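So you can see what is in the structure, the chains are spelled out below.
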Amino acid sequence: MGGSEIEYVKEAFDTNWIAPAGPFLKRFEQRLCEYTGRAHSVVLSSGTAALHLALKILGVGWNDTVICQSFTFCGSANPVIYEGAIPVFIDSEPDTWNMDPELLERAIRDLIEKGEKPKAIIYVHLYGMPARVNEIVDISRKYEIAVIEDAAEALGAKYGGQPVGRFGDMSILSFNGNKIITTSGGGALLSDHEEWIHRARFLSTQARDDAPHYEHSQIGYNYRMSNVAAGIGLGQMEVLDEWVMKRRRNHDYYRHALGDVEGIEFLVESGEAFSNHWLTCIQVDPSRTGGITRENIRIALENENIESRPLWKPMHMQPVFRNVTFYGNGISEKLFRNGLCLPSGSNLSDHDLDRVIKVIKALIP
Ligand SMILES: *Cc1c(COP(=O)(O)O)cnc(C)c1O
């Protein structure tokens, strides 16, 4: 937390605007629009809920095909299943670790040929690293398929100098506890189409028709954010840029200390990308580290009471998605095998970072 969040929360308590409505919702939504350059937004109970509503609004339903990035967190694929639609997973490219535009286009062509033209594409800026946005959006336009930007991990990142959260027909954000800013749990859906955001707000509040009593002609959801959570979010927006600088500093610090270590490679910015470096991620190539693996490093850190994690396990490798079609090139499997997320919190001190570096350097001199 930055400090002012508690003031907003106190104001919510003092004015008795706890939930479901309240003035912070609108203010937080306005702030997100200003920050990302989007025309409209609605804040919700989670990023997963935002993605679910995005699919509903695009009319994705039973047996429709939706293209997803395989290398991601399950929250960016599960809503496809909620709607009875069929995901098709696409592998990553080596530079940004996000959706490979070439494989994307190949998949679209195959699916169109089979009469299964996808209804939507969900691409991700994983670990805060912007994907190849221009290529992905161009392909979506060429084939007239809606594109949803999963920016859950990437608020504060930029592509071509423009903040993420504005690329595609709709964008989603997450304010879950582990993300760069948090409302304790929450998300947002953003778009330039006003009717879509209106509809999302309607569906997120149990689809209540305009009547003095409770009248329902459609099935809705209880996906709205509370006014207290929105107050926290408003406070967090004041420190977002500072948190991004801290995360970027962690990344620079690690790279400065470990960049020359044989067999360790960092996920770095290329081309148009400005990453928020939500997490600093490395790949460990045991054929160049003298046999030291990602797991050796993870366990050595754990022995020093330092938590680190393997990279996301790709969706096409998950038991629950074992029958899903996958367009692969080996990249995400290799990333999962060799990749590690280093401690990356916005509050890490030099001393904390030095402890991590020391453990790694002791293994790979
Ligand atoms: C966290 C996350 C989500 C889901 O957000 P929640 O707020 O946790 O529901 C979706 N996609 C990605 C890439 C995420 O990291």
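See the structure shown above.
Keep in mind that this is a model prediction, so the values were computed, not measured.

A separate point is the pairing of strand 12 (residues 280-284). In terms of burial, strand 12 is a largely internal element, 5 of the 5 residues being buried. Burial along strand 12 is two-sided: Thr280, Ile282 and Val284 facing one way and Cys281 and Gln283 facing the other are all buried. The pairing of strand 10 (residues 264-266) with strand 12 spans 3 bridges and is antiparallel. Looking at strand 12, one finds that Phe266 is bridged to Ile282. Taken together, the 4 bridges between strand 12 and strand 15 (residues 339-342) define a ladder with antiparallel strand orientation. Residue pairing for strand 15: Cys281 is matched across the bridge by Cys341.

In this section: the packing of aromatic side chains. By the definition in use, this model includes 11 aromatic pairs. For the pair Tyr127 and Trp312, a centre-to-centre distance of 6.5 Å together with 15° between the ring planes defines the contact as stacked. Taken as a pair, Tyr127 in the loop between strand 4 (120-124) and helix 6 (133-142) and Trp312 in the loop between strand 13 (309-310) and strand 14 (325-327) lie far apart in primary sequence, 185 residues in all. Looking at Tyr127, the relative accessible area reads 2%, which means it is buried. In this structure Trp312 comes out as partly exposed when scored by relative accessible area, which is 22%. Between Arg208 and the ring centre of Tyr214, over which it is positioned, the NZ or CZ distance is 3.8 Å. Sitting above the plane of the Phe336 ring, Arg294 keeps its charged end 6.0 Å from the centroid.

Rules used throughout
- Residues numbered from 1 in each chain as written.
- Predicted model: local features only at pLDDT ≥ 70, side-chain atom pairs only at ≥ 80, totals over all residues.
- Heavy atoms only, no water.
- Buried < 20%, exposed > 50% of the residue type's maximum accessible area, 1.4 Å probe, protein only.
- Helix = DSSP H or I, 4+ residues; strand = E, 2+ residues; numbered from the N terminus.
- Pairing = 2+ DSSP bridges.
- Phe/Tyr/Trp six-rings, centres within 6.5 Å; stacked < 30°, edge-to-face > 60°.
- Lys NZ or Arg CZ within 6 Å of the ring centre and 35° of its normal.

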